[in-house]
Amino acid sequence: MSFGETPITLVGNLTDDPELKFTEGGAALAKFTIAVTPRSFDRNTNQWKDGTTAFYRCAAWRSLAEHVAESLGKGSRVVAMGRMRQHDWATDQGEKRSMLAVEVDDIGASVRFTTVQINGKRPAQNGPAGDHPWNTPGNPAEPGNEPPF
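In this text, all values refer to a predicted model and were calculated from it rather than measured experimentally.

*Asks:* Give me the side chain of R83: which residues, what numbers.
*Replies:* With respect to the element layout, R83 can be found in strand β7 (residues 77–90). Polar contacts involving the side chain of R83 include one to the side chain of D105, which spans 2.4 Å.

*Asks:* For the pairing of strand β3 (residues 28–36), give the residues involved together with the corresponding values.
*Replies:* Of all nine residues making up β3, eight are buried, and the element is well covered by its neighbours. Summarising the sheet, strand β1 (residues 6–14) and β3 pair through two bridges and their orientation is antiparallel. Its bridge partner being in β3, L14 is matched across the sheet by I34. Note that strand β2 (residues 19–22) and β3 share four bridges and pair antiparallel. Bridge assignment links L20 to a residue of β3, and that residue is A30. Sheet topology note: the β3/strand β6 (residues 54–61) ladder contains eight bridges and is antiparallel.

*Asks:* Break down the layout of surface pockets for me, citing the residues and quoting the values.
*Replies:* The volume enclosed by the largest pocket comes to roughly 550 Å³. Looking at the largest pocket, it is lined by 15 residues, and the ones nearest its centre are H67, S71, Q117, I118 and N119. If you tally residues by element for the lining of the largest pocket, the top one is helix α1 (residues 62–71), at five residues. Among the residues forming the lining of the largest pocket, the class breakdown is seven nonpolar, six polar and two charged. Around the second largest pocket, the lining residues are V11, N13, A35, V36, T37, P38, R39, W48, R77, R112 and F113. Listed by contribution, the elements that provide at least two residues to the lining of the second largest pocket are β1 and β3.

*Asks:* Describe in detail the side chain of S76, supporting the description with residues and values.
*Replies:* Tracing the sequence through the fold places S76 in the loop between α1 and β7. A polar contact of 2.8 Å, which involves the side chain of S76, links it to the backbone oxygen of G73.

*Asks:* How would you summarise the packing of aromatic side chains if you had to cite specific residues and measurements?
*Replies:* Inspection of the entire model under this criterion finds one aromatic pair. Measuring from centroid to centroid gives 5.3 Å for F41 and W48, while their planes differ by 65 degrees, and the two rings are edge-to-face.

*Asks:* So, the pairing of β1: which residues are in play, and what are the values?
*Replies:* Sheet analysis places β1 next to β7, joined by eight bridges and oriented antiparallel. By the bridge assignment for β7, L10 is matched with A80.

Analysis parameters
Residues numbered from 1 in each chain as written. Predicted model: local features only at pLDDT ≥ 70, side-chain atom pairs only at ≥ 80, totals over all residues. Heavy atoms only, no water. Helix = DSSP H or I, 4+ residues; strand = E, 2+ residues; numbered from the N terminus. Polar contact = N/O pair within 3.5 Å; in protein donor to acceptor, adjacent residues only side chain to side chain. Buried < 20%, exposed > 50% of the residue type's maximum accessible area, 1.4 Å probe, protein only. Pairing = 2+ DSSP bridges. 1 Å grid on protein atoms, 1.4 Å probe; cavity = no way out; pocket = protein on both sides within 12 Å on 5 of 7 lines; lining within 4 Å. Points joined across faces, edges and corners; volume = space filled by probe spheres on them. Nonpolar A, V, L, I, M, F, W, Y, C, P; charged D, E, K, R; others polar. Phe/Tyr/Trp six-rings, centres within 6.5 Å; stacked < 30°, edge-to-face > 60°.

The following block contains the structure:
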């Protein structure tokens, strides 16, 4: 993220299936909208109340775009991190237009109200997965096998 960008984290639901497109150069682009509805507890009525829903137009690029399109669909509850971007353009009649959108850097299914199954392996960072520095051999409960924190 560059200096001066506005970071944002959204927790909400997809309003529709992501739309996957490809640029002329072959880069994948997924467009989707996340609906975020704040909830608050009303102590007078002892009930939860929904606030006003905000709709955030989002875009994901390249492999993330393809993963979003393959993994998520309408109604999926997600946690998305990215940055706000302003887009300016002019209509054919010369009217200036502007909109805010979220360029998503990472997104995942929320497991607060459901379970998910991961259908892929974590990429090895320093050779085979067995060589990864966080992998500890043997039983972690044995003395000397505890993580260093």
